[in-house]
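The residues making up each chain are set out below.
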Amino acid sequence: MRLASGLLCVLVSAMCSVGTQSPKSNYTGVIGTKLQAFPTWFVSAGSDVTIHCKAHTDEKKYGDKVYLHLAWTDMRPGNRTKKIVASRPASAGITYELNPVTHEHQGVYTCDDNGSLPEVYVLDWHSMLWVEDAPPKASMDVLSHNRSQFFSNEAFTLGCQLPDDNAPWKMMRFNDWTGAVTECPGQVSSDHRLSSTITPVYLDSYILYWCENPAGDRSNSLNVSIASVTVLESPPLPVMEGEDVMLRCFQRDRKTKEISSSFHTSYYKNSRLIDNRFGRGPFDQEGNFTLRAVTKADEGVYTCKMPEAGGSFESWLSVKARPVEE
């Protein structure tokens, strides 16, 4: 299962994936897994989180014979250790509570099997639990675009503004297909800034980016989603109350690869239609949608949909309160 979503690090994300391989013909059964966190995968220290690892599909009813593992991989620099934190029959599923969450709980969580029934193919699922630092020591942003959703093979550039110190910072990424935490390729360091230009190849995936140093200091994180046909443009970082925010929907032709927008676009907030392609709201001629003088009430998960191309992933719009003037 893939959710049409992509969030920034300040929101609830359903950052999830299925396995990286396809079932072979000699398997007698296939079990798909699902990994969810309530209320969110992105939390502050002290929050309560419940993680569910369960069988999502099991047509041949192998769930009583196959045991699911919930594994946790530490994400601290130089300490990517992995361990099993819970195990139960797939038919029962796993409920794992973190009450309260600390920075020691953050890392990659994987829902998979123990391999005891090799004739059954179990699709794994990876998610990152991110415990936010307040405030982060460095600042991550998209330099090349005003969005965090991209088409496959569309190049984009990320930048990380670093503090004025001599620590050896690196730009990192988490891939939800593989569950791997790796360094970004081709990092360039200049004037207390790291940058990396990336051309994504994974379809329908989320990749989380951040900067870190060996001491464990981090930047904010950016969640980038990679789509094949439809993407939503919305600010990748929080916006200030009172600003106008324009949302734009883009589609890419499957054959010509040409990218375009369309007046025939519907926009949704938190899965509810907020305005449709007939232009009853604040659209311009190209079908862009503008939120006027945003407030905290405008904060939420936004998507767009075109009748020809389908829906986008989700993007989280975060709204900051204006500083109180003395």
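Residues numbered from 1 in each chain as written. Predicted model: local features only at pLDDT ≥ 70, side-chain atom pairs only at ≥ 80, totals over all residues. Heavy atoms only, no water.

- Per an unreviewed UniProt entry, the recorded name for the chain is Ig-like domain-containing protein, and the organism is Champsocephalus gunnari.

## Some points on the overall build of the chain
1) Next: Counting secondary structure elements, the chain contains 0 helices and 29 strands.
2) Next: Buried residues in the chain amount to 49% of all 326 residues.
3) Next: If you take every contact in the chain between residues at least 6 apart in sequence, the share linking residues at least 24 apart comes to 66%.
4) Next: Split by element, the accessible area of the chain, about 15400 Å² in all, is 49% carbon and sulfur. (Helix = DSSP H or I, 4+ residues; strand = E, 2+ residues; numbered from the N terminus. Buried < 20%, exposed > 50% of the residue type's maximum accessible area, 1.4 Å probe, protein only. Contact = heavy atoms within 4.5 Å. Areas by Shrake-Rupley, 256 points an atom, 1.4 Å probe, with all protein chains shown as cover.)

## A word on the nonpolar core
Grouped burial of nonpolar side chains is what soluble globular proteins tend to show.
1) Next: Within the largest apolar cluster, 35 residues are counted, with the highest numbers of intra-cluster contacts made by Leu35, Trp41, Ile51, Leu70, Tyr109 and Trp210.
2) Next: For this core, the element with the most residues is strand S9 (residues 125-132), which contributes 5 residues.
3) Next: Those residues in contact with tyrosine 109, other than ones at most four positions away along the chain, are Leu35, Trp41, Ile51, Leu70, Ala71, Trp72, Tyr96, Leu98, Trp125, His126, Ser127 and Leu129. (Core = buried A, V, L, I, M, F, W, Y, C linked by side-chain atoms within 4.5 Å.)

## Side note on the pattern of salt bridges
1) Next: Scanning all chains against the criterion turns up 6 salt bridges.
2) Next: Of the charged contacts, one joins lysine 170 and glutamate 183 as a salt bridge, the two residues approaching to 3.0 Å between their closest N and O atoms. Taken together, the residues lysine 170 in strand S13 (residues 170-175) and glutamate 183 in strand S14 (residues 180-183) connect sequence positions 13 residues apart.
3) Next: For glutamate 183, a relative accessible area of 41% translates into the label partly exposed.
4) Next: Taking the shortest distance from any N to any O, the salt bridge between glutamate 299 and lysine 296 comes out at 3.2 Å. (Salt bridge = Lys/Arg side-chain N within 4 Å of Asp/Glu carboxyl O.)

## A word on the sheet that holds strand S2 (residues 42-44)
1) Next: An order of S2-S9-S7-S4-S5 is seen for the 5 strands of this open sheet, with the pairing classed as mixed. The open sheet terminates on both sides in strands that have one partner only, identified here as S2 and strand S5 (82-89). Averaged over neighbouring strand pairs, the angle between their axes works out to 25° when direction is ignored.
2) Next: Alignment of S2 against S9, held across 3 bridges, turns out to be parallel. Considered in S9, the bridge of phenylalanine 42 is made with tryptophan 130. (Pairing = 2+ DSSP bridges. Axes fitted to C-alpha atoms, helices over the stretch in contact; angles between N-to-C directions.)

## Some words on the state of the cysteines
1) Next: Tallying each qualifying case throughout the model produces 3 disulfides.
2) Next: Between the sulfur of cysteine 53 and that of cysteine 111 lies a disulfide, 2.0 Å long from S to S. Where cysteine 53 bonds to cysteine 111 through sulfur, the torsion about that S-S bond is close to 80°, and the disulfide is right-handed. Of this pair, cysteine 53 sits in strand S3 (residues 49-57) while cysteine 111 sits in strand S7 (residues 107-113); the two residues are 58 residues apart in sequence, bridging distant segments of the chain.
3) Next: On the basis of relative accessible area, cysteine 53 is assigned to the buried category, the value being 0%.
4) Next: What pairs with cysteine 249 in a disulfide is cysteine 304, and their sulfur atoms sit 2.0 Å apart. Of note, the bridge from cysteine 249 to cysteine 304 carries an S-S torsion of about 70° and is right-handed in sense. Here cysteine 304 lies in strand S26 (residues 300-306) and cysteine 249 lies in strand S21 (residues 245-252), a separation of 55 residues in the sequence.
5) Next: Cysteine 249 sits in the buried class, given a relative accessible area of 1%.
6) Next: Bonded cysteines in the chain are paired 1-2, 3-4, 5-6 when counted in the order they occur along the chain.
7) Next: For the unlinked cysteine cysteine 184, the closest cysteine sulfur is that of cysteine 211, found at 7.6 Å. (Disulfide = S-S within 2.5 Å.)

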